[in-house]
Amino acid sequence: MFYRFNRLNCRIPMDLDNLYQGSVVLVGGSPVLLEEKCLGKLNEPGIMVASMNNTATIVPSDIWIGGDKPKCYSARVIRDPKLMKFASLGKRNMLAADYIDWKFIPNTYFYGTTETFNIDNFLNRNRDIVWWKNTFYIAIQILNRLGFRKIYLAGCQFKIEGKHYSYDMTLDQEAVIWNKRTYSTVVDNMIKLKPTFERKGLEIISCTPESPLNAHYRTMNLGYAIDEILKDFPRKHNLDECVHSSFFKKET
């Protein structure tokens, strides 16, 4: 269940389950993202792009997912009315930009969190989303709830070496150690979650070079992934096949 807030501060439940279908590219903040030569193709019609955290500053996205306080993210991302945004319900009253409460930012939906789920019931549709202290888990659950059944992972290397992110942000040593430990846990859990994904009909494909997931999940070059997504999507506008509405009057 997701929520939005109106100007009277009323919480409105939103049923967004299966709003979409098909495939989505989930973009993470690993620096290897900058080495992808086909990032521009993600802008093509027919491709849905979901980004986590500040990765939306690098890749134009359709869906944005975050789990931290609004001050952690670019105000340009948070205030973009075109971007469908998902944020933690517990952060709704925090100031997002220009002294505006996050709950009043357009096109923003909030999710409740719980820590009670386990590997086997991770994708069960409950009121809340599983919070295991990493936005990646949140993103997988939300995209599944939205109806996507194939998720391509780009920029999800789960490593931190040299440059910390694809965007301009540098962590202190304590944060680096925490991130490395968290990434290791995410990889372990993703390996354990694979049977759950298969049972629920959710396919995860890694399009990230040298990701630890590549030994356990189907892998694919991002360019090939884009071609696969667009396989049955019209490549041009078929205006030559379209008729004016007056055409149907003739039929009667």
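Small disclaimer: the values here were computed from a predicted structure and weren't measured.

## Side note on the pattern of salt bridges
- Per the stated rule, a full pass over the model turns up nine salt bridges.
- A salt bridge links Asp17 to Arg125; its shortest N-O distance comes to 3.3 Å. You can see Asp17 sitting in the loop between β2 (11-14) and β3 (23-27) and its partner Arg125 sitting in the loop between β10 (113-114) and β11 (129-130), a full 108 residues away along the chain.
- Among the residues examined, Asp17 registers a relative accessible area of 27% and is labelled partly exposed.
- Linking Arg127 and Asp128 is a salt bridge whose minimum nitrogen-to-oxygen distance equals 3.3 Å.
- Salt bridges linked by common partners bring Lys150, Glu203, Arg218 and Glu228 together as one network.

## So, helix α2 (residues 135-145)
- Of all eleven residues that make up α2, eleven are buried, and the element is covered over most of its length.
- Of all the positions in α2, only Thr135, Phe136, Tyr137, Ile138, Ala139, Ile140, Gln141, Ile142, Leu143, Asn144 and Arg145 are classed as buried.
- Its side-chain oxygen 2.9 Å from the backbone nitrogen of Phe136, Asn134 forms the N-cap of α2.
- A positive backbone phi angle near 110° is found at Gly147, which sits one or two residues after α2.

Cut-off values and rules
- Residues numbered from 1 in each chain as written.
- Predicted model: local features only at pLDDT ≥ 70, side-chain atom pairs only at ≥ 80, totals over all residues.
- Heavy atoms only, no water.
- Salt bridge = Lys/Arg side-chain N within 4 Å of Asp/Glu carboxyl O.
- Helix = DSSP H or I, 4+ residues; strand = E, 2+ residues; numbered from the N terminus.
- Buried < 20%, exposed > 50% of the residue type's maximum accessible area, 1.4 Å probe, protein only.
- Polar contact = N/O pair within 3.5 Å; in protein donor to acceptor, adjacent residues only side chain to side chain.

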